[in-house]
Amino acid sequence: MSGHEETNEAARRIAELRADLRKHEHLYYVMDAPEISDAEYDARMNELKKLEAEHPDLVTPDSPTQRVGGRPAEGFKKVAHSRAMLSLDNAYSAEELADWDRRVRELAGGLPVEYTAELKLDGLSVALHYEPAEDGGARLAYGVTRGDGQVGEDVTSNIRTIRSVPIAVSPAQLKKAGVPQAFEVRGEAVMPQKAFERMNEERERQGLAPAVNPRNAAAGTLRTLEPSIVAQRGLMFFAYFLLIDGEYMAAGQNATLDALTALGFRVNPHRERAHTVEAMMQFIEKAEEQRATLGYEIDGVVLKVDAHATQQRLGYTGRAPRWAIAYKFTAKAGITQIQDILITVGRTGKLTPTAVLAPVFIGGTTVSRATLHNADFIERMGLLIGDWVKVERGGDVIPKVAEIVEDAEHPRGTRKFEYPKQCPECGSDVVRAESEADHRCVNADCPAKLRESLLHFGARGVMNIEGLGDAAVQQLLELGLVHSVADLYSLTVEQLAGMERFAEKSATALKDEIDRSKKAGLARVLMGLGIRFVGERTAEFLAEEFGSIDAVMAASAEELEYVEEVGPRISAAILEFFGREKNRELVEHLRAAGVDMTAEKKQRSTQLAGLTFVLTGTLPILTREEAKARIESAGGKTAGSVSKKTSYVVAGEEAGSKLDKARTLGVPVLDEAGLLQMLRG
């Protein structure tokens, strides 16, 4: 046989083995239906490895032998998502689910409303991008973690080791799914319970602390810089979204799951269609019963409107789709003893009491701390140090003390906790305003406030500065390198490299992260400034309304309260913040550092422009906040009292004096149906 013929024969056999191994990987890792033994699989894999070693020019990136590659040379680089990976709003009861269902049906405006119920997997969200392959199929290009929802980390080398992730998709699979060669798949990487137990057994043998739960273990595994270690951990990937050109597949959620199955992805088999709240609750109850037997962690059920057209009609809030909701299972609880109560000082100067607990294992996590909120909470419960308490946690919620347990086995504590009169960090006076529940340190230069401000500013959901953690911030403060968040942008690589455990490479990486954060935009900056009551949603709404930091600073209370979800309390906090010269100087320092503090302004509807509405009573479907938001998003205004300038009063059940005054002044009165008709035009 000539050399050319030998190469052709090797190429033919290599292609045959690759197709065969992909088939059996799919059967084993996706379908849970193996057809050959492990020994037979290994023999075919070894034959392929031998042939590829003899013909290295025939090795391709999508070969089954190439799942485990080398470690990333420079760690994980940041990648922007094709569209934001949003959070979901939560429901905790049938009543809350029914409220959501009513809102969906009202906002759907007559479009079909049917739901797809799926398990809420407790892992790490990942986006996988596929690109055209030479054979007319598709191949895995790169995989990205959720990160902060806008930007994630490229963990392709680790994703490739997950056997339930197809490295290649054939032309036949694309045709069956009705999908082009370039597409994106989103889903959840989870660690099965058995794999989690194996990993912890190995860690204990090595003298290492065990991981606290499978979710943390999955997240930590995907961020491991050694793909060979990831390959040993046995992660699974379940797909649930399919995007084409950055848009969700237009066929609807059920059809999307079928298409993902046709493409060769593992799709969770536990899913049902539901037309009513009763059907959704039946699925939820069944899922909770099955929870212990699944072999992997779930923490609830996700309900999604199935029809794509209805999803588009419903749209999104600042942080979540209106067409989906997560029903969270009841919080898990444990009984333990309060050993002490400590005070921490936050970035706003708030003193927060935290219970130090005898460690207790709750819902897959060892809990040793629980929030006690404020002095009123401690007083109302009558808590004493030494009390036995019931502690609850659910999902990512911070553990909380739910109630005192008192019986023969659990006697009451004996020591009363006294709130400090001086700040434990700086010794300054602690004050408590009459109208507030919180105690605060009044020292503007309190080191704890600066430390917490820096940590908050660099957090993933804010300016997203990777590497700006507790240890780095503590050293920056001890060395006197920063006195405000703006000072971060004047740091040099040489200064950072002078810190403990910071070589030039890690110093350069942190400097790059700080510089990259300059482009985070106005909403992130507003969050980063630490204005009281201004969280993610409010910051997004403010950015969309005003478009620049200067416009926000110049806004009046009335203009601020025109923004969705901004009421008198939030507007007062914003005015107070920017009314302080020190804070305005901080903004100028950020501007001088080159931080982008602009955003694209939202184009508002002018449907109700020039009209002022007053809401009174209880509406049958919309809450007062929702009605206010709908009016304002259509260009109208809302007011708290009726006057001759009022255009309409919207009255529900138990409407009081405002309705009487409207009749006296001759102001037109609408019911909810009339308001919705105006909103529909």
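Residues numbered from 1 in each chain as written. Predicted model: local features only at pLDDT ≥ 70, side-chain atom pairs only at ≥ 80, totals over all residues. Heavy atoms only, no water.

> How would you explain the nonpolar core if you had to name every residue and give the values?
The biggest cluster of nonpolar side chains holds 75 residues, and the ones touching the most others in it are Leu97, Phe183, Phe265 and Leu303. Within the second largest apolar cluster, 52 residues are counted, among which are Ala486, Leu542, Ile574 and Val595. (Core = buried A, V, L, I, M, F, W, Y, C linked by side-chain atoms within 4.5 Å. Buried < 20%, exposed > 50% of the residue type's maximum accessible area, 1.4 Å probe, protein only.)

> I'd like a rundown of the environment of methionine 45, residues and numbers included.
Checked against the element boundaries, methionine 45 lands in helix α2 (residues 38–54). A sequence separation of 27 residues divides methionine 45 from arginine 18, and the C-alpha atoms of the two residues are 8.6 Å apart. Beyond its immediate chain neighbours, meaning those up to four positions away, methionine 45 contacts Leu21, Glu25, Pro64, Thr65 and Arg163. (Helix = DSSP H or I, 4+ residues; strand = E, 2+ residues; numbered from the N terminus. Contact = heavy atoms within 4.5 Å.)

> So, the sheet that holds strand β10 (residues 247–248): which residues are in play, and what are the values?
An order of β7-β5-β4-β8-β9-β10 is seen for the six strands of this open sheet, with the pairing classed as antiparallel. Lying at the two open borders of the sheet, with one neighbouring strand each, are β7 (168–169) and β10. Direction of pairing for strand β9 (residues 236–244) relative to β10: antiparallel, over a ladder of two bridges. In the strand pairing of β10, isoleucine 244 is matched with glutamate 247. Sitting on the sheet, helix α9 (residues 253–262) is in contact with β8 (183–190) and β9, with an inclination near 120 degrees to β9. (Pairing = 2+ DSSP bridges. Axes fitted to C-alpha atoms, helices over the stretch in contact; angles between N-to-C directions.)

> I'd like a rundown of helix α25 (residues 672–680), residues and numbers included.
Restricting attention to buried positions, one finds in α25 the residues Glu672, Gly674, Leu675, Leu676 and Leu679. Where α25 is buried, its residues touch α3 (94–108), β21 (612–616), α23 (624–633), β23 (648–651) and β24 (669–670).

> Report on helix α18 (residues 536–546), specifying residues and quantitative values.
Residues Thr538, Ala539, Phe541, Leu542, Ala543, Glu545 and Phe546 constitute the buried set of α18. Buried residues belonging to α18 abut α17 (522–528), α19 (549–554), α20 (557–561) and α21 (568–578). Downstream of α18 by one or two residues, glycine 547 has phi in the positive range, about 80 degrees.

> Account for the side chain of aspartate 306, with residues named and values stated.
For aspartate 306, the location among the structural elements is in the loop between β12 (298–305) and α11 (308–314). One buried charged residue, aspartate 306, remains without a salt bridge, the closest side chain of opposite sign being arginine 273 at 4.7 Å. A polar contact of 2.7 Å, which involves the side chain of aspartate 306, links it to the backbone nitrogen of asparagine 254. (Lys, Arg positive; Asp, Glu negative; His and termini not counted. Salt bridge = Lys/Arg side-chain N within 4 Å of Asp/Glu carboxyl O. Polar contact = N/O pair within 3.5 Å; in protein donor to acceptor, adjacent residues only side chain to side chain.)

> Please give an account of the sheet that holds β12 that cites residues and values.
The strand order β2-β13-β12-β3-β11 describes an open sheet built from five strands, whose pairing is mixed. Strands at the two margins of the open sheet, each flanked by one partner only, are β2 (90–91) and β11 (271–274). Where strand β3 (residues 115–121) lies against β11, four bridges are found, and the strand directions are antiparallel. Bridging across to β11, threonine 116 finds its partner in arginine 273. Contacts from α3 reach β2, β3, β12 and β13 (324–328) within the one sheet, and its direction differs from that of β13 by about 175 degrees. Seen against the sheet, helix α10 (residues 277–290) touches β3, β11, β12 and β13 and runs at an angle of roughly 155 degrees to β12.

> Can you lay out the packing of aromatic side chains for me, pointing to particular residues and giving the numbers?
In total, this model carries 13 aromatic pairs according to the counting rule given. Ring geometry for tyrosine 240 and phenylalanine 241: centres 5.3 Å apart, planes at 85 degrees, overall edge-to-face. The exposure class of tyrosine 240 is buried, given its relative accessible area of 16%. Between phenylalanine 241 and tyrosine 248, the aromatic rings sit 5.0 Å apart at their centres with planes inclined by 55 degrees, giving tilted as the arrangement. Note on accessibility: phenylalanine 241 and tyrosine 248 belong to one class, buried. One aromatic cluster is present, formed by Tyr240, Phe241, Tyr248, Tyr316 and Trp323 through successive ring pairs. Between the NZ or CZ atom of lysine 304 and the centre of the ring of phenylalanine 241, over which it lies, the distance is 4.2 Å. We note arginine 569 situated over the ring of phenylalanine 533; from NZ or CZ to the ring centre the distance is 4.0 Å. (Phe/Tyr/Trp six-rings, centres within 6.5 Å; stacked < 30°, edge-to-face > 60°. Lys NZ or Arg CZ within 6 Å of the ring centre and 35° of its normal.)

> Describe the pattern of salt bridges, naming the residues involved and giving the relevant values.
Inspection of every chain in the model, using the stated rule, returns 33 salt bridges. Measuring nitrogen to oxygen at the nearest pair gives 2.7 Å for the salt bridge that ties arginine 44 to aspartate 20. Highlighted residues: arginine 44 in helix α2 and aspartate 20 in helix α1 (residues 3–30), separated in sequence by 24 residues. A salt bridge links glutamate 118 to lysine 304; the nearest nitrogen and oxygen atoms lie 3.0 Å apart. Of the two residues, glutamate 118 sits in strand β3 while lysine 304 sits in strand β12, which places them 186 residues apart along the sequence. Several salt bridges converge on common partners, so that one network encompasses Glu9, Arg12, Arg13, Glu16 and Glu47.

> Tell me about the environment of alanine 307, and please be specific about residues and values.
Residue position: alanine 307 is located in the loop between β12 and α11. Judged by its relative accessible area of 23%, alanine 307 is partly exposed. Separated by 67 residues in the primary sequence, alanine 307 and tyrosine 240 place their C-alpha atoms 15 Å from one another.

> Report on the packing of helix α13 (residues 447–458) against helix α14 (residues 470–478), specifying residues and quantitative values.
Between α13 and α14, the shortest axis-to-axis distance is 10 Å and the interhelical angle comes to 135 degrees. Taken together, the axis directions place α13 and α14 in an arrangement best described as oblique. Our pair here, α13 against α14, has a crossing hand that is right-handed. The segment α13 lies against α14, with Pro447, Leu450, Arg451, Leu454 and Leu455 engaging Asp470, Val473, Gln474 and Leu477. The residue inventory of the contact of α13 with α14, partitioned by class, reads six nonpolar, one polar and two charged. (Parallel < 35°, antiparallel > 145°, perpendicular 65-115°, else oblique. Left-handed = near helix turned anticlockwise from the far one by under 90°. Nonpolar A, V, L, I, M, F, W, Y, C, P; charged D, E, K, R; others polar.)

> Mind laying out the state of the cysteines, listing which residues take part and the relevant values?
One pass over the full model with this rule turns up zero disulfides. Its sulfur unpaired, cysteine 423 is 3.8 Å from the next cysteine sulfur, which belongs to cysteine 426. Looking at cysteine 423, the relative accessible area reads 4%, which means it is buried. (Disulfide = S-S within 2.5 Å.)

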